[in-house]
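Each chain is listed here by its residues.
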Amino acid sequence: MSITIKITGASGYLGKIISGELHKKGYEVSGIDRELLYGPAERIGDTIKNATVLINLAGAPVLQRWTAKNKKEIYDSRVLTTENLVRAIKILPPGKRPQKVISASAVGIYMPGHTHTEISQNFNTGFLGRVVTHWEAAWNSLPENIPLTIFRIAVVLGKESATIKKMLLPLKSGLGGRIGSGKQPFPFVHEKDVARAFTWAAESPGSNGIYNLAAPHLITNAEFTRAFAKTLHRPAILPVPTLALRMLFGKAATMLTESPAVIPDALKAKDFHFQYPTIETTLQEILK
Ligand SMILES: NC(=O)c1ccc[n+]([C@@H]2O[C@H](COP(=O)([O-])OP(=O)(O)OC[C@H]3O[C@@H](n4cnc5c(N)ncnc54)[C@H](OP(=O)(O)O)[C@@H]3O)[C@@H](O)[C@H]2O)c1
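Please read all numbers here as calculations on a predicted model, not as lab measurements. (Residues numbered from 1 in each chain as written. Predicted model: local features only at pLDDT ≥ 70, side-chain atom pairs only at ≥ 80, totals over all residues. Heavy atoms only, no water.)

Undergrad: An account of helix α4 (residues 79-91) is requested, with residue identities and associated values reported.
TA: Each α-helix turn comprises 3.6 residues. Residues three or four places apart therefore point the same way. Helix length check: α4, at 13 residues, gives a terminal C-alpha distance of 19 Å against a target of 18 Å (1.5 Å per residue), a fit within 8%. Three or more residues of α4 are buried, namely V79, T81, T82, N84, L85, V86, A88 and I89. Those residues of α4 hidden inside the fold are in contact with β1 (4-8), α2 (41-48), β3 (53-56), α3 (68-76), β4 (100-106) and α5 (127-137). (Helix = DSSP H or I, 4+ residues; strand = E, 2+ residues; numbered from the N terminus. Expected span 1.5 Å × (residues − 1). Buried < 20%, exposed > 50% of the residue type's maximum accessible area, 1.4 Å probe, protein only. Contact = heavy atoms within 4.5 Å.)

The structure is reproduced here in structure tokens:
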């Protein structure tokens, strides 16, 4: 029997990378229309019935001004859609439900300025923390016999990632630098390790649980910027002032100026091998 994988948020950056990897492995991969996620559970159910794996990546961009309207979209596109997915799964007869669910989450769940393994309960009490804790909690009523894997994803780096694309030009011109003080942690992960982790979760029995999907190398924002500039053979001298980011993004600027340090203990315990464990190996692959 063929393995079918249904994905929400399939047209996004991670959706494309993860679908591509799963497709290469010969799985039948298809996206779930965004509108369905806000509609009746029966219609979602029709789309996901008999899927082997359901992957949930949908979510409106978080790095935008947190106006009341944008906050509602950021929240609903994760929490409401996940609640609707769970409702749809539950109304399907048990034999037609997805056999496994894998969902994105984010390291933004953790309190900035501290170091966290998966057992940490020290959660971010701000808007982003509320979105991510509620996003994960929306899975609580998933039928217990369906294995659920949740990845708390760090900043994903790759040729097409927003972080790399936004920094490449200023740093190439010698105009970029650390963000704010640069002392804030910079949890990161290579996009290929993200695709490999999702594939591992889809293929491995016993992969259920919560996993920090962040490279094991703990660095600060200033160290990231230095490594980036060094790989490009350019200086990184001009810091990006916190004030400028606040003017651009308002409160959302805290996502760039405050972050947690994150250790991938649970993946290590499963012997998951990061192909790009350090910032140097990551940037060398991306900028080669
Ligand atoms: N990239 C990262 O560094 C990173 C780090 C941590 C966590 N994450 C999380 O991982 C998920 C995927 O990230 P990504 O980088 O692939 O994001 P992305 O490129 O912005 O893609 C997200 C996808 O979600 C869907 N979407 C957008 N607005 C929506 C809305 N209002 N309602 C429902 N669906 C909507 C869209 O797919 P369709 O058009 O196909 O519906 C969109 O392509 C997101 O939830 C993100 O928060 C990403």
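Undergrad: How would you sum up the nonpolar core? Please name residues and give values.
TA: Core analysis: the biggest nonpolar cluster contains 36 residues, and I55, F151, I153, F198 and L213 have the highest contact counts within it. With 6 residues, helix α7 (residues 191-203) is the largest single contributor of residues to this core. (Core = buried A, V, L, I, M, F, W, Y, C linked by side-chain atoms within 4.5 Å.)

Undergrad: Now, about the site of the ligand: what can you tell me, with residues and values included?
TA: In the region of the ligand, 23 residues are neighbours, and S11, Y13, L14, Y38 and R78 sit closest. Here an oxygen atom of the ligand and a backbone polar atom of L14 are 2.7 Å apart. For the ligand, a nitrogen atom lies 2.6 Å from a polar atom in the side chain of Y38. Taken by itself the ligand offers 880 Å² of open surface, and the protein chains cover 80% of this. Contributions of two or more residues to the shell around the ligand are made by α1 (13-24), β4 and β7 (155-157). Ranked by residue count, the leading element in the shell around the ligand is β4, at 3 residues. A per-class count over the shell around the ligand returns 14 nonpolar, 6 polar and 3 charged. (Near = heavy atom within 4 Å. Polar contact = N/O pair within 3.5 Å; in protein donor to acceptor, adjacent residues only side chain to side chain. Areas by Shrake-Rupley, 256 points an atom, 1.4 Å probe, with all protein chains shown as cover. Nonpolar A, V, L, I, M, F, W, Y, C, P; charged D, E, K, R; others polar.)

Undergrad: A description of the pattern of salt bridges should follow, citing residues and the corresponding values.
TA: Following the criterion strictly, the structure yields 10 salt bridges and no others. Its salt-bridge partner being K25, residue E203 comes within 3.1 Å of it at the nearest N-O pair. A residue pair is termed long-range when its members are at least 10 positions apart, and E203 in helix α7 and K25 in the loop between α1 and β2 (28-32) qualify at 178 residues. Salt-bridge contacts for D46 lead to K49; the nearest nitrogen and oxygen are separated by 3.8 Å. Owing to a relative accessible area of 35%, K49 belongs among the partly exposed residues under this scheme. Look at the salt bridges and you will find they share partners, linking K192, E285 and K288 into a network. (Salt bridge = Lys/Arg side-chain N within 4 Å of Asp/Glu carboxyl O.)

Undergrad: Can you tell me about unusual backbone geometry, naming the residues and giving the values?
TA: Phi at N50 takes a positive value of approximately 70°, unusual for a residue other than glycine. The phi dihedral of D271 is positive, around 60°, even though this residue is not glycine. Looking at where D271 falls in the secondary structure, it is placed in the loop between α11 (265-269) and α12 (279-287). A relative accessible area of 68% means that D271 is categorised as exposed.

Undergrad: Go over the packing of aromatic side chains with me, naming the residues and quoting the values.
TA: Considering all chains together, one arrives at 9 aromatic pairs under this definition. Clustering of aromatic rings is evident, with ring pairs tying together F151, F198, W200, Y211, F272 and F274. A cation over an aromatic ring shows up here: R78 above the ring of W135, its NZ or CZ 5.3 Å from the ring centre. (Phe/Tyr/Trp six-rings, centres within 6.5 Å; stacked < 30°, edge-to-face > 60°. Lys NZ or Arg CZ within 6 Å of the ring centre and 35° of its normal.)

Undergrad: Before we move on, could you go through the sheet that holds strand β6 (residues 148-153) and cite the residues and values that matter?
TA: Taken in spatial order, the 6 strands line up as β2-β1-β3-β4-β6-β9 in an open sheet, and their pairing is parallel. Edge positions in the sheet fall to β2 and β9 (209-213), since each has one partner strand and no second. Recorded for the sheet is a direction-independent mean angle of 20° between the axes of neighbouring strands. Note that β6 and β9 share 5 bridges and pair parallel. Bridged to R152 within β9 is N212. The strands touched by α4 are β1, β3 and β4; relative to β3, the strand with the most contacts, the crossing angle is about 165°. (Pairing = 2+ DSSP bridges. Axes fitted to C-alpha atoms, helices over the stretch in contact; angles between N-to-C directions.)

Undergrad: Can you explain the pairing of β6? Please cite residues and give values.
TA: Buried residues dominate β6, accounting for 6 of its 6 residues. Side-chain alternation along β6 places L148, I150 and R152 on one buried face and T149, F151 and I153 on a second face that is also buried. Across 6 bridges, β4 lies against β6 in parallel orientation. By the bridge assignment, S105 is partnered in β6 with R152.

Undergrad: Mind laying out the pairing of β4, listing which residues take part and the relevant values?
TA: The buried fraction of β4 is high, at 6 of 7 residues. Note: β3 against β4, 4 bridges, orientation parallel. Of the residues in β4, the one forming a bridge with V53 is K100.

Purely geometric stuff here, so don't read any function into it on its own.
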